[in-house]
Protein chains: 2
Amino acid sequence: MVLDALVIALSSAFSSCYTGSLTLGVVGQEDLLRPLLEQRGIVDKVTIVPASEVIGMCDSPSQALRRKKDSSMHVGARMVRDGYWDAFVSAGNTGALMAVSRLVLKTLPGIDRPAIASMIPAVNGGRTLMLDAGANSECTSEHLVQFAVMGSCYMQAAEGIEAPRVGLLNIGSEEIKGTDVIKLTSARLAESGLNYIGNVEGTDLFGDDVDVVVCDGFVGNVALKTMEGTARFLAQAMRAELTSGVVAKAGALLASSALRRFKDRVNPGKYNGAPLLGLNGIVVKSHGGADAESFSSAIAVACREVSENLTDRITESVQELMEA
Amino acid sequence: MVLDALVIALSSAFSSCYTGSLTLGVVGQEDLLRPLLEQRGIVDKVTIVPASEVIGMCDSPSQALRRKKDSSMHVGARMVRDGYWDAFVSAGNTGALMAVSRLVLKTLPGIDRPAIASMIPAVNGGRTLMLDAGANSECTSEHLVQFAVMGSCYMQAAEGIEAPRVGLLNIGSEEIKGTDVIKLTSARLAESGLNYIGNVEGTDLFGDDVDVVVCDGFVGNVALKTMEGTARFLAQAMRAELTSGVVAKAGALLASSALRRFKDRVNPGKYNGAPLLGLNGIVVKSHGGADAESFSSAIAVACREVSENLTDRITESVQELMEA
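Residues numbered from 1 in each chain as written. Chains lettered and ligands numbered in written order. Predicted model: local features only at pLDDT ≥ 70, side-chain atom pairs only at ≥ 80, totals over all residues. Heavy atoms only, no water.

To keep things clear, this is the line we draw: UniProt positions are given in the numbering used here, feature names are shortened, and annotations may be inferred rather than shown by experiment.
The name given to chain A in an unreviewed UniProt entry is Phosphate acyltransferase, with Mariprofundus erugo as the source organism. Looking at the Function (unreviewed entry) heading of the UniProt record, one finds this comment for chain A: "Catalyzes the reversible formation of acyl-phosphate (acyl-PO(4)) from acyl-[acyl-carrier-protein] (acyl-ACP). This enzyme utilizes acyl-ACP as fatty acyl donor, but not acyl-CoA." What UniProt states about chain A under its Subcellular location (unreviewed entry) heading is, verbatim, "Cytoplasm".

**Examining the overall build of chain A**
To keep it simple, the criterion reads: Per the convention used, a helix needs a DSSP run of H or I reaching at least four residues, while a strand needs a run of E reaching at least two, with both numbered from the N terminus. We compute the radius of gyration from the C-alpha atoms alone; for a globule the expected value is 2.2 Å times N to the 0.38, where N is the number of residues. In this scheme, a residue with accessible area under 20% of its type's maximum is buried, one over 50% is exposed, and one in between is partly exposed, where area comes from a 1.4 Å probe on protein chains only. Residue contacts are counted whenever heavy atoms from the two residues lie within 4.5 Å of one another. For the accessible areas, the method is Shrake-Rupley and the probe is 1.4 Å, while residue cover comes only from the protein chains on display. We treat Lys and Arg as the positive residues and Asp and Glu as the negative residues; His and chain ends play no part in the count. For this purpose, a charge sits on NZ of Lys, CZ of Arg, CG of Asp or CD of Glu.
The number of helices and strands found in chain A is 12 helices and 10 strands. Scaling as 2.2 N^0.38, a compact globule of 324 residues should have a C-alpha radius of gyration of about 20 Å, and chain A matches this with 21 Å. Projecting the C-alpha coordinates of chain A onto the three principal axes gives extents of approximately 60 × 60 × 40 Å. Here chain A holds 324 residues, and 52% of them are scored as buried. A sequence separation of at least 24 residues applies to 65% of the contacts in chain A between residues at least 6 apart. Entry remark: accessible area of chain A is about 14300 Å², with carbon and sulfur atoms responsible for 51%. Counting 29 positive and 37 negative side-chain charges, chain A places the averaged centre of each group 7 Å from the other.

**Describing the packing of helix 6 (residues 141-159) of chain A against helix 7 (residues 180-190) of chain A**
Residue and element names in this part refer to chain A. Selection criterion: With axes taken as lines fitted to C-alpha atoms, and helix axes fitted only over the stretch in contact, angles between N-to-C directions fall between 0 and 180 degrees. For classification purposes, an angle smaller than 35 degrees is called roughly parallel, one larger than 145 roughly antiparallel, one from 65 to 115 roughly perpendicular, and anything else oblique. It is the rotation of the near helix from the far one that decides the hand of a crossing: anticlockwise by less than a right angle makes it left-handed, clockwise makes it right-handed. All residues other than Ala, Val, Leu, Ile, Met, Phe, Trp, Tyr, Cys, Pro, Asp, Glu, Lys and Arg, Gly among them, are scored as polar; the first ten of these are nonpolar and the last four charged.
For the pair helix 6 and helix 7, the least separation of the axes is 9 Å and the interaxial angle reads 45°. The orientation of helix 6 relative to helix 7 falls into the category oblique. Considering only the axes of helix 6 and helix 7, their crossing is right-handed. Of the residues in helix 7, those touching helix 6 at Ser141, Glu142, Leu144, Val145 and Ala148 are Val181, Ile182, Leu184, Thr185, Arg188 and Leu189. Taken together, the residues of the contact of helix 6 with helix 7 break down into seven nonpolar, two polar and two charged.

**A word on the pattern of salt bridges**
Residues and elements named next belong to chain A. Defined as follows: Salt bridges are counted wherever a side-chain nitrogen of Lys or Arg sits within 4 Å of a carboxyl oxygen of Asp or Glu.
A complete count under the given rule lists 16 salt bridges over all chains for this structure. Between Glu159 and Arg127 there is a salt bridge; the shortest N-O distance is 3.9 Å. Residue Glu159 is found in helix 6, and its partner Arg127 is found in strand 5 (residues 127-131); the two are separated by 32 residues along the sequence.

This is the structure in structure tokens:
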């Protein structure tokens, strides 16, 4: 299923805005990949890079790291490290992807911990980037400030925002709120030269007052999964009511195209493609259950990072921060 | 506005199931309260306890604690402490309410930190209790285990669940996930004698697999506010689409009673009334913007805690835990 979706996304990438400059490769088990590429008529356009091992969703990152050195993740990351590819997109196990990428590509100078960033839809068609979304459960204020720099660079590059507004996820807008790490981070961000707007709360993630929301990976992951749970719960409750009687059903039918537009507007697939920031190379995590459209989004995220030289931008910004 | 809602809730409490055994009092500025009670014809049934000072939403807990000893919070908590009232419900500043309650009522034996618990609607009409919802930003594993005991007692008392399923909020279901505090807490919960089911995630908060979700107040508060933000964002997007054209509007009109039932089903006001657990007395926090119906919910939460002797139950359970 995932492979099918990937191959459709690859084939549609050739008809997208990236045509011309884009060359595509896939890494994995050739006997599985070749027939799918043939079926879509793109077997001559896409390089197949063989990888004999598979990292499962249940493998622990450390097992994956040490024992499966010919996995698609290892091989893909090496393709980036060795300059064959500009970027690598994977829908695999997040923890393993981060561990393997970190081992193979290393972190950028001045970055202690790479982070996973997640794009959240906001009102008025805006977007908010939240990081870390789950790579680092425990963070110091240095880590959080580095996340802020990386997120700010990303939003400049990906969304063209000149001075992205950076907020610190906290449990109140007042300065006295939060843990000691949060208070220290806030003081550091205020002096960082970033466009720091202070504390933000869970209710602000969908608003248009902030572009980059910084938090540790524990809090970020809980927030992301809570969003997912809330949306699923509300959708279930709504569906139950809209199918509860003839009149309701008729109304839902009449409003069906509006409901479809609503679904499309809040579709998380549109925001698929979570950049792993802080690595010496571009790696993007796709959702494991991605369909073709979502895969295309993740590929687009990677293309954007490449064309905007995100890695260099982060390196320069971190350098500036350290010199300041 | 809040006072109006409160007085309506008080007057409706007399016609509720609690009549007979229930005596009600209000604490605050008499010149404001008396006319409202007269208007509703309940001035003879409700005792007015005067309090000259007001703690504002912007007062810091420590200022409120020291400088406003004749605030409605101080007076209300003293009414409980001195045995005049069985419970105290407040819609005021949460941090101040916790600080004042803790100072006046003290914590129960064996409880280091009281927690705020929040009820979350779940699928199939169920409910999940999450604690701490924001009182304690930084928690040790001892605190988290105490929260688990208190939450379990609450769900036994309030929902009649014999052995509430307790989950630990984490960023993955595997045991290796999370911070050191979380891992230690998990090991302790497994030996606590509680019905501990292991790690749960943000997506599980609305499910029917867990009754009590334990987390520190930072994570809990972010999760709660993220729910609120997600629901608000989805409602806005839905409204925008359903009012975007004649056909959509007609459909929405036909489905309006279904949409109203949906709204009622997920209405947070129905779940209003967050118990402050671990105090030597019953205190319930109402949402600051509560309407009459929501206030009634909060009063009902307090009544339930009183009739089920929650304070004694917690004391006994903590005692058992410590002896085990």
